[in-house]
Structure formats: structure tokens, C-alpha cells
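In case you want the letters, here they are:
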Amino acid sequence: TLFSFKQKKIVMLSFVLLFLLFLQMAFVFEKLYFVSPNTFSRHWAYPAKQLAMQIEKDKKNYDYVIVRDNIDNIEYAYPTYAKIDPNTVVYAEKNRITLQNKQFKQFGNVYIGGVPDSEAEEFLNTLPGKVLYFANSEQMETLQNYSIVTGKDNLVSYIVKEIMH
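No experiment lies behind these values; they were computed from the predicted model shown. (Residues numbered from 1 in each chain as written. Predicted model: local features only at pLDDT ≥ 70, side-chain atom pairs only at ≥ 80, totals over all residues. Heavy atoms only, no water.)

Let's talk about the packing of helix H2 (residues 46-58) against helix H3 (residues 74-81)
Between two packed helices, both the angle of their axes relative to each other and the distance between the axes serve to describe the pair.
Move 1: One way to put it is that H2 packs onto H3 with a least axis distance of 9 Å and a crossing angle of 50°. Our classification of the angle between H2 and H3 gives oblique. Judged by the sense of rotation from one axis to the other, the crossing of H2 with H3 is right-handed. Facing Ala-48, Lys-49, Leu-51, Ala-52, Met-53, Ile-55 and Glu-56 of H2, the residues of H3 in contact are Ile-74, Ala-77, Tyr-78 and Tyr-81.
Move 2: Taken together, the residues of the contact of H2 with H3 sort by class into nine nonpolar, no polar and two charged. (Axes fitted to C-alpha atoms, helices over the stretch in contact; angles between N-to-C directions. Helix = DSSP H or I, 4+ residues; strand = E, 2+ residues; numbered from the N terminus. Parallel < 35°, antiparallel > 145°, perpendicular 65-115°, else oblique. Left-handed = near helix turned anticlockwise from the far one by under 90°. Contact = heavy atoms within 4.5 Å. Nonpolar A, V, L, I, M, F, W, Y, C, P; charged D, E, K, R; others polar.)

Following this line, the structure appears as C-alpha cells:
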């Protein structure tokens, strides 16, 4: 015989161990590619991506799209997912515009900046035309008539308020 019994045993054991390793890798890959992205989506800035995609979809229907800069990672996610030229992003950072004494980065009709919670309703109601407003969940106490958008983890990603004048 080519192999002795001992050599066959070693080869067979090697194949069993290799099979078990590949079987274990299937569970690792499942967790890495399917379970973790949903479980840890907030860590990977999924709400910011979700918001950036919604802004891109809806911005053509409004005169002003106001985005609170306290929404986690939105200042970086929006220019990235909207594919805004980096020179435009740098220009907007250096040359903020003023709307009713509040500073904003402007990207077309999208304005990213801060509005104090207590002043948001008044600020939004004094802007002319159609206004779409996005804020984080902390502002639910001071806003009225808003919608809640949840993420993959079923937690509040952000809130949306629409004003038609």
C-alpha cells in the first residue's frame, strides 16, 4: 500500500479539521456580512447615509432643505453620498451663509447648520416657500407635527418636518 495506516489516519484527520475550519468560517462570514451590518448600523453611520439619500431624493421638491448639524456624521455623509465636488465642500465650510442670523453650509438648496431647539419652529415658519427640516430625536420635545424615521435597528434615526407656505 502507498500509505500506512498511520499516514491515512493523519490525512483523514487533516481533512476533518479543514472541513471544520471551513464550516466555522461560514458562521463567521454570516455574522460579518449579514448580522453585524444590521446590529451595528448606527456605529457605521447608517442613519447619516439614510438621511443623505432622502435629501437627494426630496430636495428638488422644496425651496429650503434645512438639516441640523447635530445629526451624527451628516456634515460628512451628505457631501459624500450626494457626490458633491470636494472643492465645493471646502468652499461651503469656509464661506458659510447666514439665514436669519444662523450660520449654514450651503449646497444648492440644502443648508446644514445649527438652529437652537427653542427657536426651530419660529425659524422654519419665517422661511418663504416650501421647507423640509431634518433634526435628531432630541428635538422631538420642541417640534410639532413631525415624522419619525427609524433605522435598521428600529431606533429613531432622525425626524422630518415639512412646512408649506
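Description of the sheet that holds strand E5 (residues 131-135)
Hydrogen bonds between backbone atoms are what pair the strands of a sheet, whose relative direction is either parallel or antiparallel.
Move 1: In space, the seven strands of this open sheet follow the order E2-E3-E4-E1-E5-E7-E6, with mixed pairing throughout. With one partner strand each, in any of the chains shown, strand E2 (97-99) and strand E6 (147-150) form the two edges of the open sheet. In this sheet, adjacent strand axes meet at a mean angle of 30° when their direction is disregarded.
Move 2: One ladder, built from four bridges, connects strand E1 (residues 64-68) with E5; its direction is parallel. Paired with Ile-66 across the two strands is Tyr-133, which belongs to E5.
Move 3: The strands that H3 touches are E1, strand E3 (102-107) and strand E4 (110-113); relative to E4, the one it contacts most, it runs at about 155°. (Pairing = 2+ DSSP bridges.)

Let's talk about unusual backbone geometry
Glycine aside, negative phi is the norm for most residues, and most peptide bonds take the trans geometry.
Move 1: At Asn-73, a position not held by glycine, the phi torsion is positive, near 70°.
Move 2: Looking at where Asn-73 falls in the secondary structure, it is placed in the loop between E1 and H3.
Move 3: Phi at Gln-100 is positive, roughly 50°, even though this residue is not glycine.

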